[in-house]
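Report on the structure
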Amino acid sequence: MLLIDPGRTVASLRSDAAPSPYFPRIFRGDPLEAGFFLTRAANLETLVPLLLTELRLLGTIQRLSPSLPVLVLQEAARAVARGLIQVGVSLPNEAILIFRHDDAVARRDDGSVRFPGLVVASAFMARCLGNPVSRTAVDATLKHPRGARHQLPNGADSLAAWLASLLLRRELGLFPANGDKGGLRLAWIDHQGTSTITVPPEPPPPPPSVVAQIIQAVENALADLPADISAQAQTLIDAAEAGVAFCEECARAAADSTDA
């Protein structure tokens, strides 16, 4: 997967090797959106080797070369859009947790924070619990009726480790609050209501920019036609516009075909 940290550094690694929790970026089959996101994440010089690493794992780099960065980006954007290459954005080290009673149960979990393992999840939750606001949110979450089936086991090592296990099992989720990734909403996940993401068929690629350039060049050439042209050239133009033959031999051939 491609992991982008808050400092906009990009790394190619296994999802279980991520050093921090991350938000998954989902593009739902839109390669243009995926391409724009990738180009904003890093410059092509830095990005292309990482994209080639990811594409190599898919076995789709036979026709790609670092000397053709735009083609590499195009191929990677298609793979990212279809979920073949995962993209994640790292969370800051600390975040404020909130709980909303009117939004305590999530019907799907595709936008929730992902954790690479129990150690990372436990450390993250321990830092959050050190904040009084976050601790209040955790307490409210556990007191919700949905949390009645999830009680801290006797002899549990720590509250942070137990919460981390719920997050890894997707019983509990952390979601961005009001689009602010510094604030995370705690919510129970209703697996019966969780729907599977379906990726739509890949749309046809847009026409290459070279076509637009050719059209513009033709239009410019037509606009630059001289005001005074020869009689022969005017004959050709008039004939083309009228759809008639412009020479005696062509006219004879056209007449013969009409008579036939």
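Our subject in this report is the structure included herewith. Worth saying up front: this structure is predicted, and the values here are computed from it rather than measured. (Residues numbered from 1 in each chain as written. Predicted model: local features only at pLDDT ≥ 70, side-chain atom pairs only at ≥ 80, totals over all residues. Heavy atoms only, no water.)

1. Quick word on the sheet that holds strand S2 (residues 10–12)
With mixed pairing, the four strands of this open sheet are ordered in space as S2-S1-S4-S3. In the strand order of this sheet, the two ends are held by S2 and strand S3 (22–24), each with one partner. Geometrically, the sheet is characterised by an average inter-axis angle of 25° between neighbouring strands, direction not taken into account. Two strands pair when backbone bridges link them, and strand S1 (residues 2–4) and S2 are joined in this way by three bridges, in the antiparallel orientation. By the bridge assignment for S2, Leu2 is matched with Ser12. Helix H1 (residues 31–41) contacts S1, S2 and strand S4 (87–90) of the sheet and is inclined by roughly 55° relative to S1. Where helix H2 (residues 44–58) meets the sheet, its contacts fall on S1 and S2, and the angle it forms with S2 comes to roughly 25°. (Pairing = 2+ DSSP bridges. Helix = DSSP H or I, 4+ residues; strand = E, 2+ residues; numbered from the N terminus. Axes fitted to C-alpha atoms, helices over the stretch in contact; angles between N-to-C directions. Contact = heavy atoms within 4.5 Å.)

2. Description of the nonpolar core
Grouped together as the largest cluster of nonpolar side chains are 27 residues, with contacts concentrated most on Leu97, Phe124, Met125, Leu163, Leu174 and Leu184. Looking at this core, the elements with two or more residues in it are strand S5 (96–99), helix H4 (118–129), helix H5 (132–143), helix H6 (159–168), strand S7 (172–177) and strand S8 (180–189). Ranked by residues supplied to this core, first place goes to H6 with seven residues. Those residues in contact with Leu174 that sit more than four places away from it in its chain are Leu97, Gly111, Ser112, Val113, Phe115, Phe124, Met125, Leu167, Leu184, Arg185 and Leu186. By size, the runner-up hydrophobic cluster in this structure holds 26 residues, among which are Ile4, Phe27, Val48 and Leu50. (Core = buried A, V, L, I, M, F, W, Y, C linked by side-chain atoms within 4.5 Å. Buried < 20%, exposed > 50% of the residue type's maximum accessible area, 1.4 Å probe, protein only.)

3. Observations regarding the side chain of Arg185
For Arg185, the position within the fold is in strand S8. For Arg185, the side chain forms a polar contact with the main-chain oxygen of Asp103, separated by 2.8 Å. (Polar contact = N/O pair within 3.5 Å; in protein donor to acceptor, adjacent residues only side chain to side chain.)

4. A short note on H1
Three or more residues of H1 are buried, namely Pro31, Ala34, Gly35, Phe37, Leu38 and Ala41. Take H1 and look down its axis: the buried residues cluster within an arc of 165°, on one side only. Relative to its buried face, H1 has exposed residues pointing more than 90 degrees away, namely Phe36 and Arg40. Packing partners of the buried residues in H1 comprise S1, S2, H2, helix H3 (69–81) and S4. Of the residues that open H1, the one with a side-chain oxygen 3.1 Å from the backbone nitrogen of Leu32 is Asp30. (Arc of directions from axis to C-beta.)

5. Observations concerning the packing of H2 against H3
Relative to each other, H2 and H3 sit at 50°, their axes nearing to 9 Å. By the angle between their axes, H2 is oblique relative to H3. Regarding H2 and H3, the two cross each other, and that crossing is left-handed. From H2, Leu44, Leu47, Val48, Leu51, Leu52, Leu55 and Leu58 reach across to H3, where they touch Pro69, Val72, Leu73, Glu75, Ala76 and Ala79. (Parallel < 35°, antiparallel > 145°, perpendicular 65-115°, else oblique. Left-handed = near helix turned anticlockwise from the far one by under 90°.)

6. Focus on H4
For H4, spanning 12 residues, the distance from its first C-alpha to its last is 16 Å, which sits close to the expected 16 Å at 1.5 Å a residue. Among the residues of H4, those classed as buried are Ala121, Ser122, Phe124, Met125, Cys128 and Leu129. Buried residues of H4, seen end-on, are gathered within an arc of 165° and therefore sit on one face of the element. (Expected span 1.5 Å × (residues − 1).)

Nothing here speaks to function; it is geometry throughout.
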